[in-house]
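Inside the fold
Spelled out from the first residue to the last, the chains are:
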Amino acid sequence: MSGGIRGLRRSYRRLRLGTRLALGLGALALVVFAVVGTALTTYMRDYLSAQLDDQLKLAQVAQSKSIADSGTLAGKKYYRWYYAVYDVRAGVPVLRGPEDPADVPEDVGVLTALARERTATGAEVLRTAHLDGEGGYRLRACEVEPGVILVSGAPLDGIEDTVRMLITIQVVIFGLALLALVVFGRAMLRRGLQPLSDMAHTAHGIASHDLSESASRLPLRAEAPGGGPEVEELRTAFNTMLEHIDASLAVRAEAEQRLRRFVADASHELRTPLMSVRGYADLFQYAAANAPGERDRHLARLRAEAARMGVLLDDLLLLARLDAAEIDAVPLRMADTDLVDLVGQAADAFRAGHHRHPLTVLPGPASVRLRLDPHRVRQVLDNLLTNAAVHTPPGTPVSVGVLTADGTARVRVADRGPGIPPGDRDQVFDRFYRVDKARSRDRGGSGLGLSVARSLVRAHGGTLDLDGGPGATVFTVTLPLGGPGA
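What this report covers is the structure whose coordinates are included nearby. (Residues numbered from 1 in each chain as written. Predicted model: local features only at pLDDT ≥ 70, side-chain atom pairs only at ≥ 80, totals over all residues. Heavy atoms only, no water.)

**Observations concerning the overall build of the chain**
Condition: Think of it this way: any DSSP run of H or I at least four residues long counts as a helix, any run of E at least two long counts as a strand, and we number them from the N terminus. Three exposure classes are used, based on accessible area relative to the maximum for each residue type with a 1.4 Å probe and protein chains only: buried under 20%, partly exposed in between, and exposed over 50%. Should any heavy atoms of two residues lie within 4.5 Å, those residues are counted as being in contact. Accessible areas in this description were obtained via Shrake-Rupley with a 1.4 Å probe; residue shielding takes into account the shown protein chains only.
When you go through the chain residue by residue, the secondary structure sums to 11 helices and 12 strands. Burial analysis of the chain (486 residues in total) assigns 35% to the buried set. The contacts of the chain with a sequence gap of at least 6 include a subset with a gap of at least 24, amounting to 64%. Carbon and sulfur atoms make up 59% of the accessible area of the chain, which amounts to about 28,100 Å² in all.

Encoded structure:
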C-alpha cells in the first residue's frame, strides 16, 4: 500500500506544472462541491421534513375535531398514511378498531409505543421510525380529548426520493462542472504559463551553447510577452541574469586575451636577452673571444643583458604580487614623507640623466606631509619622468608639480611632446603595450613601466590618470592625504 502511494507521488511530481495546478484546482473544486452538496442536501432534507411535520399537524387538527364531534375519522385521508386511535384506560392506551383495515399497519407496536409515550409525558411526540415491510415513517401522537390519543404516520418515501434525485442531479452537474474546470483550467493555465515554457526553452538553448569560446556571447533572450506581473518580473530577472553572464563572459574573454598577449610579450621580451646570453656563451665556449678587450666587451654585454632580464623579472614579480594583493610579499614600508621633497629629488635625478630635456618644477605648496613608501613612490615618479624623456624628441619641455585639493595630494607630470593618440590612451597602462611599435626595446623599455606605476599608486590607495591631447601628455598621481584607506 505504501509502495503504491509512493508511486503515485512520483508520478504526480513528474507531471508538468500546468497539469499539477489544474489537478489541484480540481481537487479544491471537488472539496467545495462536496461541502456545498452536503449542505444543500441536508437543508433540503430538513426543509421537507419540516413540511411533512406541518402537514401531519394540520391533518391531525382536522381529524381530532372529527373524532371529538362524531367519534369517527372523517375528512381527507392520504395515500399510505396510517391513523390509529387509542383510548386511555387506567393509564394504558388501547387501540380502537379501525374504520378501515388499511388505516393501521400490520404491526402496530411502534404506534402503540408512541401512544404510551404520549400518555406518560403529556406532550405531543414526533418520531421517525421504521415499520416492518413499509419503510421509514414520520409518526406524530397528539391528544384528541382527555382519554383519547391519535397517532398518525406519513411515509418518508417522497422525501428520500426527492433527496436521492437531488443528490443525483448534484453529482451530474458538479461532475460536469469539475470536468470543465479541469479541461478549460488546464488550457488557461497552459496559456498563462507559456512564458515560463519559453524561458525553459531559452535555458535549454543556453545550455547547448558553447561557452568555452573566447568571444562567446549568449544570443538568446526571453522575449515572449504576457503572463502577468509576476512572470514579467521573472522574465526581467532572467534577462538581467543573461546580461550579467554575457558581461562576465566578455570580461573572461578579455582577460584570456590579455593573458595570452602577456605571456607572448613576456616570452618575446625574455627571448632577446636570453639569445644574447646564449650567443656570447657560445663564443666563450669556442674560444672565439679570447682577446682581453673583446672578452671584456662581451662580458659587459652579458652583464647588461642579465641585468635587463633581472629588471624585467623584478617588474613582473612585483606586478604579480600587487595583483594578488599579497601585502606581506610586497611590503610597503610606510613612513612620514614630504612629497614635495620627494618630487624635488626625482627632478634632480631626471636633470642629471636626461639633460637634453629641460625640466621645470612648477610652484606649489612648500611641504606636503604624507604617510607613504618613499622608495615605491619615487619609483613611480622616476617611471613617469623617464617615460616623458623616452617618448619625446630631445628638447621637449617637461614639467612636474605638486598641489593639494579635496583631501588629496596630486603630482602632475606633463610634457610638450607629440602626445598619445586617442586610440592608444585606454591601453597605455596595459603590460608590454607600446604606443610606438617600431621603437627598439633598448630605447623604448619593456612596456611595464606605466603598469608598475599604476599598480604601486593603487597599493597606496590612490589613482594614476592620463590627460592631455595632441601636443601634450599629462599624468596625474592622486594620493589621499590621510594615507592608504583614508
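**What to know about the pattern of salt bridges**
Using the following cut-off: Salt bridge, as used here, is a side-chain nitrogen of Lys or Arg placed within 4 Å of a carboxyl oxygen of Asp or Glu.
Summed over the entire model, instances satisfying the criterion amount to 11 salt bridges. Across the salt bridge formed by aspartate 53 and arginine 138, the nearest N and O atoms sit 2.7 Å from each other. Linking aspartate 53 in helix H2 (residues 17-70) with arginine 138 in strand E4 (residues 135-145), this pair joins segments that are 85 residues apart in sequence. You'll find aspartate 53 and arginine 138 in the same group, each marked buried. Two residues, glutamate 117 and arginine 127, come together in a salt bridge whose shortest N-O distance is 2.5 Å. Residue glutamate 117 is found in helix H3 (residues 109-121), and its partner arginine 127 is found in strand E3 (residues 125-131); the two are separated by 10 residues along the sequence. The partly exposed category is assigned to glutamate 117, whose relative accessible area is 28%. By relative accessible area, which is 38% here, arginine 127 ends up partly exposed.

**Observations concerning a nonpolar patch on the surface**
Basically, it comes down to this: Nonpolar side chains (Val, Leu, Ile, Met, Phe, Trp, Tyr) within 5 Å and like charges within 9 Å form the patches, drawn only from residues with over 30% relative accessible area and no salt bridge.
Where nonpolar side chains cluster on the molecular surface, the patch consists of Leu25, Leu28, Val32, Val36 and Leu181 and spans about 400 Å² of accessible area. The biggest single contributor to the nonpolar patch is H2, with four residues. Considering the arrangement of structural elements, one finds valine 32 in helix H2.

**Structural notes on the sheet that holds strand E12 (residues 473-480)**
Keep this limit in mind: We treat two strands as partners when DSSP finds at least two bridges between them. A fitted line through C-alpha atoms represents every axis, and for helices the fit uses only the stretch in contact; the resulting angles, taken between N-to-C directions, go from 0 to 180 degrees.
Taken together, the five strands give an open sheet; going across it, the order is E7-E9-E10-E12-E11, and neighbouring strands pair in mixed fashion. Every interior strand has two partners, whereas the edge strands, strand E7 (359-361) and strand E11 (463-467), have only one. Along the sheet, successive strands turn relative to each other by an average axial angle of 20°, direction set aside. As paired strands, strand E9 (residues 398-405) and strand E10 (residues 408-415) are joined by eight bridges and run antiparallel to one another. Counted as the bridge partner of valine 398 is aspartate 415 from E10. Taken strand by strand, helix H11 (residues 449-459) contacts E11 and E12, and its axis lies near 135° from that of E11.

Treat this as a map of the structure, not an account of what it does.
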